Amino acid sequence: MARDIAMADTGRGRDVIRAATPDDVPVILDLITDLAAYEREPESVTATQGDLQAALFGPQPHVWCHIAEVDGVVAGFAVWFLNFSTWLGKHGIYLEDLYVRPQYRGSGLGLALLRAIAATAVQRGYGRVEWSVLDWNTPSIEFYRRVGAQPMDEWTTFRLTGESLNALNGTSE
């Protein structure tokens, strides 16, 4: 049975934020695919149910997922993992994905998911929660500012992947 993390009062019914279970893997992949389409990169999703099963529920998981439900229907999710701040000397949470299906947006589920992540950070003594948002995603940027999040304007995210990652390692794909 899934462990409820929080109840969300959205006025829509019985809303629950809970830890994902192995049975959620198919819907998690569906949500990832929906998010990629929203972010205009549906072709970039290569994850499989097996990948998610291993990452979230393998012997030593290093990534976690919260599920938002309304009357037993999955309406959104948050996927996160630990990072570390040398300046703080503490772990933090990196929020990889926060997504609420369009028909549930504006209901408070996104805020409930973010609150559950913040509660996890505080309860475990972590120093911060951080994430990235696309520059054009104005609704999300406005939402994050409303909850008190500050953009890190002087920082640029860099990424190594694919051929560049292998080249740096001295291997080829």
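Remember, predicted model here, so these are calculated numbers, not experimental data. (Residues numbered from 1 in each chain as written. Predicted model: local features only at pLDDT ≥ 70, side-chain atom pairs only at ≥ 80, totals over all residues. Heavy atoms only, no water.)

**What to know about the overall build of the chain**
For the record, the criterion: Secondary structure elements are defined from DSSP: runs of H or I of at least 4 residues count as helices, runs of E of at least 2 residues count as strands, and each element is numbered from the N terminus. As a reference, a globule follows 2.2 Å times the number of residues to the power 0.38, and the radius of gyration itself is taken over C-alpha atoms. The contact criterion used throughout is that any non-hydrogen atoms of two residues lie within 4.5 Å. Note on areas: these come from Shrake-Rupley sampling with a 1.4 Å probe, and a residue is covered only by the protein chains present in the view. Under the counting rule used here, the positive set is Lys and Arg, the negative set is Asp and Glu, and His together with the chain ends is not counted. A charge is said to be at NZ when it belongs to Lys, at CZ for Arg, at CG for Asp and at CD for Glu.
Within the chain one finds five helices and six strands. Listing each helix as α and each strand as β along the chain from the N terminus yields β-β-α-α-β-β-β-α-β-α-α. A compact globule built from 173 residues would reach a C-alpha radius of gyration of about 16 Å, and the chain, at 17 Å, matches this within 12%. Once local pairs closer than 6 in sequence are excluded, the contacts in the chain between residues at least 24 apart make up 53%. For the chain, the exposed area adds up to about 11000 Å²; of that, 52% sits on carbon and sulfur atoms. Positive and negative side-chain charges in the chain, numbering 14 and 22 respectively, have mean positions lying 8 Å apart.

**Thoughts on a nonpolar patch on the surface**
Under the convention used in this document: Patch definition: residues above 30% relative accessible area lacking any salt bridge, with like charges linked at up to 9 Å and the nonpolar side chains Val, Leu, Ile, Met, Phe, Trp and Tyr linked at up to 5 Å. The salt bridge definition used is simple: a Lys or Arg side-chain nitrogen within 4 Å of an Asp or Glu carboxyl oxygen. When a residue's accessible area, from a 1.4 Å probe over protein chains only, is under 20% of the maximum for its type it is buried; when over 50% it is exposed; and in between it is partly exposed.
Together, W87, M152 and W155 make up a nonpolar patch on the protein surface, roughly 520 Å² of accessible area in all. Given a relative accessible area of 78%, W87 falls into the exposed group.

**Brief notes about the side chain of D97**
With respect to the helices and strands, D97 occurs in strand β5 (residues 90–100). Of the buried charged residues, D97 lacks a salt bridge, with R159 as the closest side chain of opposite charge at 8.8 Å. Those residues in contact with D97 that lie beyond four places of it in its chain are I32, L35, F77, A78 and V79.

**Concerning the packing of aromatic side chains**
Quick reminder of the rule: For this analysis, a ring pair means two rings from Phe, Tyr or Trp (six-membered ring only for Trp) whose centres lie within 6.5 Å, classed as stacked if their planes differ by under 30 degrees, edge-to-face if by over 60, and tilted for the remaining angles. Cation placement over rings: the criterion is NZ of Lys or CZ of Arg within 6 Å of the ring centroid and within 35° of the ring normal.
For the coordinates displayed, the defined rule picks out five aromatic pairs. For the ring pair F143 and Y144, a centre distance of 5.4 Å and an interplane angle of 50° mean the geometry is tilted. The burial state of F143 is the same as that of Y144; both residues are buried. What links up through ring pairs into an aromatic cluster is the set W131, F143 and Y144. Here R40 stacks its cationic end above the ring of W136, 3.7 Å away from the centre of that ring. Lying over the aromatic face of Y38, R105 brings its terminal NZ or CZ to 4.9 Å of the ring centre.

**So, the environment of V45**
Take V45: it is sitting in the loop between α1 (25–38) and α2 (49–57). Look at V45 and you get partly exposed, because its relative accessible area is 26%. Remark: the alpha-carbon pair of V45 and D71, spanning 26 residues in sequence, is separated by 29 Å. Not counting residues up to four positions away in its chain, the partners in contact with V45 are L29, I32, T33 and A36.

**A closer look at the nonpolar core**
The nonpolar side chains of a soluble globular protein tend to be buried with one another. Counted only if it meets this: As used here, the term nonpolar core means buried Ala, Val, Leu, Ile, Met, Phe, Trp, Tyr and Cys residues forming a set that is joined through side-chain atoms within 4.5 Å.
L95, L98, L109 and L113 are the most contacted members of the largest nonpolar core, which totals 22 residues. The greatest single-element share of this core, amounting to seven residues, is contributed by helix α3 (residues 109–123). Excluding anything up to four places from it in sequence, L95 contacts A78, V79, W80, L114, I117, E130 and W131. Counting residues in hydrophobic clusters, the runner-up holds 17 residues, among them I28, L35, V63 and V74.

**Examining the packing of α1 against α2**
Short version of the rule: Each axis is a line fitted through C-alpha atoms, taken for helices only over the stretch in contact, and angles between the N-to-C directions span 0 to 180 degrees. Angle categories: roughly parallel below 35 degrees, roughly antiparallel above 145, roughly perpendicular from 65 to 115, and oblique for all the rest. In this scheme the crossing of two helices becomes right-handed for a clockwise turn of the near helix relative to the far one and left-handed for an anticlockwise turn of less than a right angle.
Packing of α1 against α2 leaves a shortest axis separation of 9 Å and a crossing angle of 110°. By the criterion of interaxial angle, the relationship of α1 to α2 is roughly perpendicular. The hand of the α1/α2 crossing is right-handed. Residues V25, P26, I28, L29 and I32 of α1 lie in contact with α2, whose contacting residues are Q49, L52, Q53, L56 and F57.

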